[in-house]
Amino acid sequence: MACTFPVVPAPENTVRRSLLVASAVLLSAALTAPAALAAPKPSTSPSATPPATTSIVGGARLGQPGTQVNLASGVPVLPKELSARSWIVADAESGKVLAAHNAHWRLAPASTLKMLFADTLLPKWPRTTEHEVEPSDLAGIGAGSSMVGIKEDETYTVHDLWLGVFLRSGNDAVHVLSAMNGGVEKTVEEMNAHAEELQALDTHVVSPDGYDAPRQVSSAYDLTLIARSGLQKKDFREYSSTVRAQFPGETKKNKKGKKVRGAFEIQNTNRLLAGDTDVPVYPGIAGVKNGNTTNAGATFTGVAERDGKVLLVTVMNPSKNEHNEVYKETAKLFDWGFEAAGKVEPVGELVRPRSVAQAGARPGPSASPGEAGGAGDGVVAAGSKPVASAASGGGADGAGVALGIAGGVLVLLAGGAFLVNRRWPLPDLVRRRSRP
């Protein structure tokens, strides 16, 4: 655990500016690192140890191995028995990283990579767009993949497909959407380009569904960065917070010979959202995405709200071999984060998308400014009050917690003000609705 250095009081703006200048220098160095570092081999051996040096995007402390936290008087001690190879706790609004452990260690991401898939493709089609599935759409799905149950020659809406991606982590839904986007290869290229735009430079995509593939990697830092970007989209928030929904079944003939198509229920595999026998629903949870493969182990990124604070936590590959361990360790880190928020000095920050950082102004489309179909939530003017997002519809059971991010992105007064006003607002969460 990192040592804590005495904090010398100084005006808040001076401290902010100093930190941001240092961060900008470090970020510049990181962005000019050799390109060969972009696609390393993931660490999958149980005995693997984190590299001595990693990326310093977000701050030098985040590039150091081991646990990084500024413990001081009044700051709660980190939870004991955390076994994850990598984890991070960050303020979703300000981007401050409260604590981290091997934040930039490049590891296999599993289906948490679907967050990048969604952040990249969600704006492309209105949710009402229909698609008839062809056999070629389902080609190349890895053996043992998680599936939602898509059938050839059946028609699905884009809304159906995204429910399949988020709730059941359906690789079949990912492949159909990729086919609609021009194919897996094109989709992978766009995902890698979007990761670079987000400055998620630890991430290299090979398979859009997160299925184990050589040299497919991400990091706790990058997954948190990607989740924060995705949560700027209204549809992303809705799908990632939906607990259960009805999914179209297969068309069959009834006893009278008439073709009918029923539906079946799918439930979110995020156990902090849906609950399980040994994991209760986490209070204030609002998504985001879980994953589990042979190489990656269990991975999870979650967002939750308590008392006006919104935190993002990512946990990768707990070594403790217990059922739902990734969720248990995430819950412990959420508890610590909410107790520590406002007391602990950050060890780094979640950086902005590259185009935003360069322009010092409003982000372009690649910085995730709206919902599917290209319609944004509307940009919040300075000083205006946010508008909460509507409750999840179209199959949601009303039990999910959706984030209402009024502007979808950020409000910046000017290029100079951007350096001081780092906040990326996530106002007005829709509070937990009653469960049936």
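Residues numbered from 1 in each chain as written. Predicted model: local features only at pLDDT ≥ 70, side-chain atom pairs only at ≥ 80, totals over all residues. Heavy atoms only, no water.

**Some points on empty space enclosed by the protein**
Going by this rule: Within this scheme a cavity is a closed region of a 1 Å grid, computed over the protein atoms alone, that accommodates a 1.4 Å probe without allowing it to escape, whereas a pocket is open but has protein on both sides within 12 Å along at least five of seven lines; lining residues each have an atom within 4 Å of a point. Grid points are joined across faces, edges and corners, and a volume is the space filled by probe spheres set on the points. Throughout this entry, Asp, Glu, Lys and Arg are counted as charged residues, while Ala, Val, Leu, Ile, Met, Phe, Trp, Tyr, Cys and Pro are counted as nonpolar. The remaining residues, Gly among them, count as polar.
Counted under the stated rule, the structure contains two cavities of 30 Å³ or more. Lining the second largest cavity, in full, are Pro50, Pro51, Thr54, Leu62, Gly63, Gln64, Asn102, Ala103, His104 and Trp105. Here the residues of the lining of the second largest cavity sort into five nonpolar, five polar and no charged.

**Describing the pattern of salt bridges**
As a reminder of what qualifies: Any carboxyl oxygen of Asp or Glu that lies within 4 Å of a side-chain nitrogen of Lys or Arg is treated as forming a salt bridge with it. A run of DSSP states H or I qualifies as a helix once it reaches four residues; a run of E qualifies as a strand once it reaches two. Both are numbered from the N-terminal end. Relative accessibility thresholds used throughout: buried, under 20% of the residue-type maximum; exposed, over 50%; partly exposed, between the two (1.4 Å probe, protein chains only).
The full count for this structure, using the stated rule, is 14 salt bridges. The residue glutamate 190 makes a salt bridge to lysine 124 at a minimum N-O spacing of 2.6 Å. You can see glutamate 190 sitting in helix α5 (residues 184–197) and its partner lysine 124 sitting in the loop between α2 (114–121) and β4 (130–132), a full 66 residues away along the chain. For lysine 124, a relative accessible area of 33% gives the class partly exposed.

**Considerations on the pairing of strand β8 (residues 285–293)**
Rules: Note: two strands are recorded as paired if DSSP finds a minimum of 2 bridges between them.
Of all nine residues that make up β8, eight are buried, and the element is covered over most of its length. Pairing of β8 with strand β9 (residues 297–306), which is carried by seven bridges, proceeds in the antiparallel orientation. Bridging across to β9, asparagine 290 finds its partner in phenylalanine 300. Following β8, the chain reverses through three residues before pairing antiparallel with β9.

**Quick notes on α5**
Definition in use: Multiplying 1.5 Å by the helix residue count minus one yields the expected span of that helix. Note on contacts: a residue pair is in contact if any heavy atoms of the two residues lie within 4.5 Å.
Under the 1.5 Å per step criterion, the end-to-end length of α5 is 20 Å for 14 residues, consistent within 8% with the ideal 20 Å. Taken together, the buried positions of α5 are occupied by Thr187, Val188, Met191, His194, Ala195 and Glu197. Buried residues in α5 make contact with α2, α4 (171–180), α6 (220–230) and α10 (354–359). Where α5 ends, the next residue or the one after it, glutamine 199, has phi of about 65°, a positive value.

**Quick notes on a negative patch on the surface**
Basically, it comes down to this: Within the patch definition used here, like charges are joined within 9 Å and nonpolar side chains (Val, Leu, Ile, Met, Phe, Trp, Tyr) within 5 Å, considering only residues with over 30% relative accessible area and no salt bridge. Here the Shrake-Rupley method, with its probe set to 1.4 Å, supplies the accessible areas, and only the displayed protein chains count as covering residues. Just so you know, the count uses Lys and Arg for positive and Asp and Glu for negative, and it drops His and the chain ends. One atom stands in for each charge, and that atom is NZ of Lys, CZ of Arg, CG of Asp or CD of Glu.
On the surface, a cluster of negative charge is contributed by Glu132, Glu134, Glu152 and Asp153. Locating glutamate 134 in the fold gives a position in the loop between β4 and β5 (155–157). Residue glutamate 134 is classed as partly exposed on the basis of its relative accessible area, which comes to 45%.

Any link to function would need more than the numbers given here.
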